[in-house]
Each structure stands twice: as structure tokens, then as C-alpha cells.
Amino acid sequence: MAASKPVCKLVSHVIVDLDGTLLNTDSVANQILKSFLAKLGKKWDSKSAHRIVGRTPLEAAAAVVEDYQLPYSKEEFLSMITPLFADQWCNIRPLAGANRLIKHLRSNGVPMALASNSPKSNIEAKISCHNGWKESFSAIVGGDEVEDGKPSPNIFLEAAKRMNTEPSSCLVIEDSVAGVTAGNAAEMEVIAVPSIPKQVDKLSSASEVVNSLLDLQPEKWGLPQFEDWIEGTLPIEPWYIGGPVIKGFGRGSKVLGIPTANLSAESFSDILSEHTSGVYFGWAALFTRGIYKMVMNIGWNPYFANTEKTIEPWLLHEFDEDFYGEELRLAIIGYIKPEANFPSLESLIARIHEDGRIAEKALDLPLYAAYRDSPYLTNPLPESNS
């Protein structure tokens, strides 16, 4: 995503939100609320999650009680649900780019604060599960330590105070409308990293809107730049998925002239929630055929306006026949760019081919080529006991 307005302000300190910005709290919240509501004969609608994003715990509880007409007060509901969340603190995984950002800023001596609407005790419990996080922040401010939480600026102003710096020297990184509003009210620069899909327009008041933490360019703000991009690609912590190839939308070969080997996104909803939409690459294994270079799109494909997040790998090889139903395993090891919309089908096709060329070249580099021999790709499928 491009900056929403020209970037010209230099900063020296960074204040980061926690839930939805560094941690994939939404995934755990969806699981807990789905289970809780099911016992009451109600069905959780994850598409209404925007109602609780960025809220204080009590505000979020009030929204759920109202939306689902629960027979509890907001205080009663919060007291019932809080222990369920506490049991899951250490199961909340970092979002893509979170560890990279924290390590980068800390190693370069950039002062950081953590500012969240959650109670401070909950914040400390969550970050204690992630090696090196707690000691990376020179200040931690919880919603219970200020008079009003976000969208009030109080949390961010308190964070700046504890870092002994002026608000104008601070850059806020946030995922929610409430957080962006709070950062603006504190007269700080704000980068929005949307946690709710297709909500970018609501964050346009931010100084900049980026697709994910992987797309941050701290040098725009006078901060040290990342030095880990290699020939237009970013090495990431590898992740692995696999399953039978399914029929997709039928547009890969017919419309784009690019046959994709689709996997069922529903089977990987949890792991996909940790990884931002965008273009990735790596290696693909078809056990009856071989191991191939691969580039893939994860997301909603704005040009076609998908309503669900999809996984669409393109194996960089010419096949003589379809292989629907065959077991496909993927090792995703690098990132190229955020998902984007295009003015025409021709420009979309051209960009896909360019992404393919970038992946093809990058996978010859020793750093990436080594993953071709990953046991996940080379080990045969276990035999069925049936």
C-alpha cells in the first residue's frame, strides 16, 4: 500500500500497540467467543469482529452482550470470559513481522513503548510468552493506568512521558480505528497496519497505511532501515502447509493463463490469520511428480473481489495434465510484496509473471535453495491404517 499522505516528519521513539498489531489476538478471541456462544445456542460471526477491535475489555464485552443479546450485564460477561482468555495467553502467536520489528528497533537502540487498552497485568502476561519482548520496551502502559483508553490520547501521552520524550518525537504503530484516532489526538505520527480486512478506508487519517509489519520502511521516519531484503525478496521464518489440490475459481488457466494449484483455505484458517495477505514464494512438492519452484498469492485478490481469503500457489513448471486431488506440500520461505489491485487484467497478468521471475531467480540463491531438501517436502506420506 502506498502512503496515505506525504511522509516528511522525523521521529526518534516508537510506540506500538499489542493486540492485532504485534499479536494475533483476534484468532484466539474468535475461538473463545465461538465456543462460549455455541453453549448458549448462538453463532459467533467473525465478520463482526471489527466491533471489538481496539476497544477496552469492558467496551468489547458490552458490544458482544448487545450484539448477541446475552442474558448478562457487560460486567458479568467480562468476568466469565476473562479466565478463558487468560488460559490462552501463551497460545497467541506473533503476527508476521512482529519479531523482526522488535529485534530491529532494539538492536539499533530505538526506544520503544508498548501501549494497549488491555490491563497492564494482561499485557505483561502475554509478552512474557515471547522471548526478548519484555526487555525490549522501555515503557509499558496498560488501559487500567490511564483515565480513558483509546481513542483518548492518554495512553500514548503517558507512554511518551515515561520515555522522557515529547509526543511530537513519537511514531505510533496501530491496527485499529480507535488506536489511529488516539495517536492523531496525541499529535504523533501514526502508521496503520489494518487487522480487519477491507477496512483500509477507515484508517485514512493515519500518516501512512501499510499492508503488514513486513512492509514497514522505518527509514521514511529517520529510523534505521531494515537490511534483510535480498534481490527484491524478504526471507521469513518458514511455514509449511499441505493438502489435496482442489478446484478453485476456474480463472487461473482460463482467464489468466496461469494455472494455480489451490488448497482449501478453510483447512488453514488459523495459520492464515497469522500471515498477512501478499505474494510469497518457496518450494512445492507433488509426491508423484517432484519438487518445484513456487510463487503464491494469499489474500482476497482485489481485482476479482474475493469474499474469502484464499491460497493460490503457482508451480513454476509446465504440466501436461491437471493434478486435482493429488497431495501438495508447500514450504513458504520468502515474501515479495503486499497484495494489490490493478487497473486492468493485462496489468495483473504482467505483475504475476514478474513475481514469478523474482521467485524463480531468488530460489537459486543458497539461502532459499537449501529448503528444497526440507523433510516436509521430501518425506513420503504416512500410510493409512485403514
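Use the structure listed above.
Just so it is clear, the model here is predicted, and its values are computed rather than measured.

Rules used in this analysis
- Residues numbered from 1 in each chain as written.
- Predicted model: local features only at pLDDT ≥ 70, side-chain atom pairs only at ≥ 80, totals over all residues.
- Heavy atoms only, no water.
- Buried < 20%, exposed > 50% of the residue type's maximum accessible area, 1.4 Å probe, protein only.
- Helix = DSSP H or I, 4+ residues; strand = E, 2+ residues; numbered from the N terminus.
- Pairing = 2+ DSSP bridges.
- Axes fitted to C-alpha atoms, helices over the stretch in contact; angles between N-to-C directions.
- Parallel < 35°, antiparallel > 145°, perpendicular 65-115°, else oblique.
- Contact = heavy atoms within 4.5 Å.
- Nonpolar A, V, L, I, M, F, W, Y, C, P; charged D, E, K, R; others polar.
- Disulfide = S-S within 2.5 Å.

I'd love a proper account of the pairing of strand β1 (residues 13–16), names of residues and values included.
Residues of β1 alternate between two faces, with His 13 and Ile 15 on one and Val 14 and Val 16 on the opposite face, all of them buried. Where β1 meets strand β4 (residues 170–174), four bridges bridge the pair, whose relative direction is parallel. Its bridge partner lying in β4, Ile 15 is registered against Val 172. Across three bridges, the pairing between β1 and strand β2 (residues 112–115) is parallel. Residue Val 14 lies in a different strand from β2, and its bridge partner there is Met 112.

Summarise the packing of helix α2 (residues 57–68) against helix α3 (residues 74–86); cite the residues concerned and give the values.
Between α2 and α3, the shortest axis-to-axis distance is 8 Å and the interhelical angle comes to 110°. If you check the angle between α2 and α3, you find them roughly perpendicular. For the pair α2 and α3, contact is made by Pro 57, Leu 58, Ala 61, Ala 62, Val 64 and Val 65 and by Lys 74, Glu 75, Phe 77 and Leu 78, respectively. Along the lines of polarity and charge, the residues of the contact of α2 with α3 split into eight nonpolar, no polar and two charged.

Go over the state of the cysteines with me, naming the residues and quoting the values.
Evaluated as defined, the whole model comprises one disulfide. Residue Cys 90 pairs covalently with Cys 129 via a disulfide, S to S 1.9 Å. Disulfide Cys 90-Cys 129: torsion about the S-S bond near -60°, hence left-handed. Placement of the pair is Cys 90 in the loop between α3 and α4 (98–107) and Cys 129 in the loop between α5 (120–127) and β3 (139–141), with a sequence separation of 39 residues. Judged by its relative accessible area of 26%, Cys 129 is partly exposed.

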